[in-house]
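Overview (structure and organization)
The lines below spell out each chain.
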Amino acid sequence: MAILGGVAWTGASAPAGAGDDPPTGETELILFWGDGCPVCEIEWAFLDGLRADHPDLVVRDYEVWQDEANAARFETTMAELGLEARAVPTTIVGDRVWVGFDDAVAAEIERAVAGTDPEPDPESPSGRTTLDVPVFG
């Protein structure tokens, strides 16, 4: 089953449990993923290219299907953001969260990493995109 969209969420603080802050001048991307997830594999290929284009990008990744500590980290991090840990891949850049991955999500992530993505209004219907995603686990 392929995920055909993403969930963008704004207005939440950066996740405290997700890792150390990157050094000044670097951008942190947090990826919660599952070993064997085909959509995660597609996002990994995208991230390889993104890191080549943005050497200041720090990717912190946590495999959550096989690693219980990472699964707990996923749940805690999402709870801190006021969200539920539901599906992989889940990507966080700053205060933006995407669940799922497709071309539109890739473009948003790239703009967020480049610092060219205007902050959407969370109260606006265009500030969030929703979709049905498989349940985490």
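Below is a summary of the structure that appears in this document. (Residues numbered from 1 in each chain as written. Predicted model: local features only at pLDDT ≥ 70, side-chain atom pairs only at ≥ 80, totals over all residues. Heavy atoms only, no water.)

1. Description of the overall build of the protein chain
Applicable threshold: Strands are runs of DSSP state E lasting at least two residues, helices are runs of H or I lasting at least four, and both sets are numbered from the N terminus onward. Between buried and exposed lies partly exposed: a residue is buried under 20% and exposed over 50% of the maximum accessible area for its type, with that area taken using a 1.4 Å probe on protein chains only. Contacts between residues were defined by any pair of non-hydrogen atoms, one from each residue, lying within 4.5 Å. To measure how exposed things are, a 1.4 Å probe is used in the Shrake-Rupley method; for residues, cover is taken only from the protein chains shown.
Each helix and strand in the protein chain was counted, giving three helices and four strands. N-terminal to C-terminal, the α/β element order of the protein chain is β-α-β-α-β-β-α. Within the span of the protein chain, comprising 137 residues, buried residues form 45% of the whole. At a minimum sequence separation of 6, the contacts of the protein chain that also span at least 24 residues come to 72%. Entry remark: accessible area of the protein chain is about 7,100 Å², with carbon and sulfur atoms responsible for 51%.

2. Focus on unusual backbone geometry
Val88 connects to Pro89 through a cis peptide bond whose omega is -5°. On the secondary structure map, Pro89 appears in the loop between α2 (68-80) and β3 (90-93).

3. Considering the pairing of β3
Heads up, the condition is: Any two strands between which DSSP finds at least two bridges are classified as paired.
Alternating positions in β3 separate into two faces, Thr90 and Ile92 on one and Thr91 and Val93 on the other, with burial throughout. Both strand β1 (residues 27-33) and β3 contribute to a ladder of four bridges, which runs antiparallel. The residue of β3 that forms the bridge with Ile30 is Ile92. Bridge count between β3 and strand β4 (residues 96-99): four bridges; the pairing is antiparallel. The partner of Thr90 across the bridge, within β4, is Val99. From the end of β3 to the start of β4, which pair antiparallel, there are two residues, and Gly94 there has a positive phi angle of about 60°.

4. A look at the sheet that holds strand β2 (residues 57-63)
Hydrogen bonds between backbone groups are what pair the strands of a sheet, and the pairing can be parallel or antiparallel. Note the following rule: Lines fitted to the C-alpha atoms define the axes, with helices restricted to the stretch that makes contact. Angles between their N-to-C directions range from 0 to 180 degrees.
If you walk across this open sheet you meet the four strands as β2-β1-β3-β4, and the pairing is mixed. Looking at strand neighbours, the two that pair on one side only are β2 and β4, the edges of this open sheet. Pairs of neighbouring strands in the sheet enclose a mean axial angle of 15°, with direction left out of account. Where β1 meets β2, seven bridges bridge the pair, whose relative direction is parallel. Looking at β2, one finds that Phe32 is bridged to Tyr62.

5. Focus: the side chain of Glu43
Quick note on the threshold: Charged-residue counts in this description rest on Lys and Arg as positive and Asp and Glu as negative, His and the chain ends being excluded. Any Lys or Arg side-chain nitrogen located within 4 Å of an Asp or Glu carboxyl oxygen qualifies as a salt bridge.
Structurally, the position occupied by Glu43 is in helix α1 (residues 38-53). One buried charge, Glu43, has no salt-bridge partner; the nearest side chain with opposite charge is Arg51, at 10 Å. Beyond its immediate sequence surroundings of up to four residues, Glu43 is in contact with Leu31, Pro89, Thr91, Gly100, Phe101 and Ile109.

6. What about the nonpolar core?
We count it as follows: Here, nonpolar core means buried Ala, Val, Leu, Ile, Met, Phe, Trp, Tyr and Cys residues that are tied together by side-chain atoms lying within 4.5 Å of each other.
Core analysis: the largest hydrophobic core is formed by 33 residues, its most contacted members being Leu29, Leu47 and Ile109. Going through the elements one at a time, β1, α1, β2, α2, β3, β4 and α3 (103-114) are the ones with two or more residues in this core. Looking at this core, the element that brings in the most residues is α1, giving six residues. Non-local contacts of Ile109, meaning those with residues more than four positions away in its chain, are made with Leu29, Glu43, Phe46, Leu50, Thr91, Trp98 and Phe101.

7. Comments concerning the packing of aromatic side chains
As a reminder of what qualifies: Within 6.5 Å between ring centres, the rings of Phe, Tyr and Trp (the latter by its six-membered ring) count as paired, and their orientation is classed by plane angle as stacked under 30 degrees, edge-to-face over 60, tilted in between.
According to the stated counting rule, one finds four aromatic pairs in the structure shown. Where Trp33 meets Trp44, the ring centres are 5.8 Å apart and the plane angle is 90°; that geometry is what we call edge-to-face. Here Trp33, found in strand β1, pairs with Trp44, found in helix α1; they are eleven residues apart in sequence, far enough to count as distant. The same class applies to Trp33 as to Trp44, namely buried. By way of ring pairs, the aromatic residues Phe32, Tyr62 and Phe74 are connected into one cluster.

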